[in-house]
Amino acid sequence: MTRLAFIGGGNMARSLIGGLLKTGVAPATLSVAEPLAEARQSLGRDFGIACYAENRLAVAEAEVILLAVKPQVMPAIHADLRDILQRNRPLLISIAAGVRLDQLERWFGTTLPIVRCMPNTPALIGAGATGLCANSRVSPAQKAQAQHILDAAGITRWIDDEALMDTVTALSGSGPAYFFALVEALEAAAVAQGLPRGTARALAAQTCLGAGRMLVDGGEDPAVLRQRVTSPHGTTQAALESFSADGLPHIVARAVAAATRRGAELAAELDRLP
Ligand SMILES: NC(=O)C1=CN([C@@H]2O[C@H](COP(=O)(O)OP(=O)(O)OC[C@H]3O[C@@H](n4cnc5c(N)ncnc54)[C@H](OP(=O)(O)O)[C@@H]3O)[C@@H](O)[C@H]2O)C=CC1
Ligand SMILES: O=C(O)[C@@H]1CCC=N1
């Protein structure tokens, strides 16, 4: 089994580790480097994997290293890893928003095989969605290896044009938060009309789940599913006309554009570092 080391044991590492273990990956094949003692303890307790305070210890045996730190931390970790990466030549996978393949090559080594990908937090329950792209050093076998790791967390799609990875980030990387925000807003609207909060939360969340399952399991066009809910001159039509009058598609397009722009800005900020 592939030995996989995570650098950074935060939200996303937890989601991916949880997803991998649910598919039967052996805990002994995983390791994680995490500076915070409390986080190391909880990762060890929850997942039974080896946790290290030092990056170089976590990656010593790894065939694949998954970088799960904030974009701003990336340049700082290369000093810990560069030598061992040059020696062992593992496959490097980065999940950092915005960070480009050429930046990763500059920090970690221009001849290393590197995959840039963008998963999302539903990976924790095996319902993640990941876009991936690879540099020219990644062999077909390593591509399959990276895909296998991310497939454990949900669906995967290869993105040929790296420039579109910021769009993927804005769509599915950040996307779970958009749906949570919509559920929060639905709950607040129903509570404002007098529904008990617990009931409003349960009904809103289950509606989100039900709609998601219909989209994924049935594979039907969302527009067709929407039309089926919308009786002529009924309640849904009234709500959708209100969305339309308030410019919902425009609001969403602006939000996705803002997230996409932010991805590019994160990379530009790293380019400006000395
Ligand atoms: N959250 C999400 O939904 C998604 C996030 N991403 C990407 O994943 C990456 C991680 O995000 P997320 O998990 O949310 O962030 P977190 O802050 O939760 O996790 C990052 C972890 O890295 C640790 N860390 C900090 N410095 C170092 C270091 N020098 N060496 C090793 N570990 C270190 C942090 O420890 P400490 O807390 O002590 O600083 C923290 O536990 C980001 O690049 C983000 O863009 C991608 C897809 C979705
Ligand atoms: O908000 C962020 O920057 C990260 C990347 C995608 C989801 N969370």
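Note that this is a predicted model, so its numbers are computed, not measured.

## Some details on the UniProt feature "domain: Pyrroline-5-carboxylate reductase dimerisation" (unreviewed entry) in the protein
Item 1. Those residues carrying the UniProt feature "domain: Pyrroline-5-carboxylate reductase dimerisation" (unreviewed entry) are residues 162–266 in this numbering.
Item 2. When the span residues 162–266 is considered, its composition is 83% helix and 0% strand, and the gap between its end C-alpha atoms is 15 Å.

## What to know about the nonpolar core
Item 1. Among the nonpolar cores identified, the biggest contains 30 residues, and F6, L16, I17, L30 and I93 are the most heavily contacted of them.
Item 2. Of all elements in the fold, only β1 (4–7), α1 (11–22), β2 (30–33), α2 (37–47), β4 (64–67), β5 (91–94), β6 (114–118) and α6 (140–151) reach the threshold of two or more residues within this core.
Item 3. A total of 6 residues in this core trace back to one element, the largest contributor, which is α1.
Item 4. Ignoring any residue separated from it by four or fewer positions in sequence, one finds I93 in contact with V64, I65, L66, L67, V115, C117, A146 and I149.

## Comments concerning the environment of L203
Item 1. Structurally, L203 is set in helix α9 (residues 197–218).
Item 2. We classify L203 as exposed; its relative accessible area is 51%.
Item 3. It is 24 Å that separates the C-alpha atoms of L203 and V252, two residues lying 49 residues apart in sequence.

## Looking at the pairing of β2
Item 1. Side-chain alternation along β2 places L30 and V32 on one buried face and S31 and A33 on a second face that is also buried.
Item 2. By the bridge criterion, 4 bridges tie β1 to β2 in an arrangement that is parallel. Residue pairing in the sheet places A5 in a bridge with S31 of β2.
Item 3. Handedness of the β-α-β unit built from β1, α1 and β2 comes out right-handed.
Item 4. Crossover β2 to strand β3 (residues 50–52) through α2 is right-handed.

## Brief notes about the confidence of the model for the protein
In low-pLDDT regions, the fine details of the predicted coordinates are not to be read closely.
Item 1. For the protein, the average pLDDT comes to 96, and 100% of its residues sit at 70 or higher.
Item 2. The complex model carries a pTM of 0.95, and its ipTM stands at 0.98.

## Some details on the side chain of S15
Item 1. Turning to its location among the elements, S15 is positioned in helix α1.
Item 2. Exposure remark for S15: the relative accessible area of 5% places this residue in the buried category.
Item 3. If we skip the residues at most four places from it in the chain, S15 touches T121, A123 and L124.

## Some thoughts on the pairing of β6
Item 1. Among the 5 residues in β6, 5 count as buried, and that is most of the element.
Item 2. Neither face of β6 is open: one carries I114, R116 and M118, the other V115 and C117, and all of them are buried.
Item 3. Judged from the 3 bridges that link them, β5 and β6 form a sheet pairing that is parallel. When the sheet's bridge partners are listed, I93 is paired in β6 with V115.
Item 4. For the crossover from β5 across helix α5 (residues 101–108) to β6, the handedness is right-handed.
Item 5. Bridge count between β6 and strand β7 (residues 128–134): 4 bridges; the pairing is antiparallel. If you follow V115 over to β7, its bridge partner there is A134.

Calculation rules
- Residues numbered from 1 in each chain as written.
- Chains lettered and ligands numbered in written order.
- Predicted model: local features only at pLDDT ≥ 70, side-chain atom pairs only at ≥ 80, totals over all residues.
- Heavy atoms only, no water.
- UniProt positions renumbered as here; feature names shortened; annotations may be inferred.
- Helix = DSSP H or I, 4+ residues; strand = E, 2+ residues; numbered from the N terminus.
- Core = buried A, V, L, I, M, F, W, Y, C linked by side-chain atoms within 4.5 Å.
- Buried < 20%, exposed > 50% of the residue type's maximum accessible area, 1.4 Å probe, protein only.
- Contact = heavy atoms within 4.5 Å.
- Pairing = 2+ DSSP bridges.
- Right-handed = clockwise from strand over helix to strand, strands pointing away.
- pLDDT = per-residue confidence, 0-100.

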